[in-house]
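Residues per chain, in single letters:
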Amino acid sequence: MAEPEGGPDMVSFRELARRLVADGVVERISHQRVSKLSQDDPEFPPVVPVGRSKAVDYRLARPYFASRKSRQGQRTDLKPPPAAQE
């Protein structure tokens, strides 16, 4: 772990998912979901490749997940685009 005032606290996607649940930030999340969010969400914290794995700074990822609105189980493919609803 990084010191409170030290540098970044880099963790793998698997460790990030584990910590987010352990810290009570989210009820549950898989490392696969973390990976998908890193690919799809432009607001996701910077990802650093480490060998074949990817890592993210926990100090940046925790607030991202804490403020993120979960849409668990909500289908987005059934709603027309906002412009079509007029």
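Quick note: structure is the one above.
### A short note on the side chain of Arg-19
Part 1: The topology assignment puts Arg-19 in helix α1 (residues 13-22).
Part 2: At a separation of 2.7 Å, a polar atom in the side chain of Arg-19 contacts the side chain of Asp-9.

### A short note on the pattern of salt bridges
Part 1: Scanning the entire structure with this criterion turns up five salt bridges.
Part 2: Close ionic contact of Asp-23 with Arg-62 constitutes a salt bridge, the shortest N to O distance being 3.9 Å. With Asp-23 in the loop between α1 and α2 (31-40) and Arg-62 in helix α3 (residues 58-67), this residue pair connects regions lying 39 residues apart in the sequence.
Part 3: Judged by its relative accessible area of 40%, Asp-23 is partly exposed.
Part 4: On the basis of relative accessibility, which here comes to 34%, the residue Arg-62 falls in the partly exposed class.
Part 5: A salt bridge links Lys-36 to Asp-40; the nearest nitrogen and oxygen atoms lie 3.2 Å apart. With Lys-36 and Asp-40 both in helix α2, this residue pair falls four residues apart, about one helical turn.
Part 6: Note on Lys-36: relative accessible area 39%, which makes it partly exposed.
Part 7: When its relative accessible area of 49% is taken as the criterion, Asp-40 is described as partly exposed.
Part 8: Sharing partners across several salt bridges, the network here consists of Asp-9, Glu-15, Arg-18 and Arg-19.

Rules used throughout
Residues numbered from 1 in each chain as written. Predicted model: local features only at pLDDT ≥ 70, side-chain atom pairs only at ≥ 80, totals over all residues. Heavy atoms only, no water. Helix = DSSP H or I, 4+ residues; strand = E, 2+ residues; numbered from the N terminus. Polar contact = N/O pair within 3.5 Å; in protein donor to acceptor, adjacent residues only side chain to side chain. Salt bridge = Lys/Arg side-chain N within 4 Å of Asp/Glu carboxyl O. Buried < 20%, exposed > 50% of the residue type's maximum accessible area, 1.4 Å probe, protein only.

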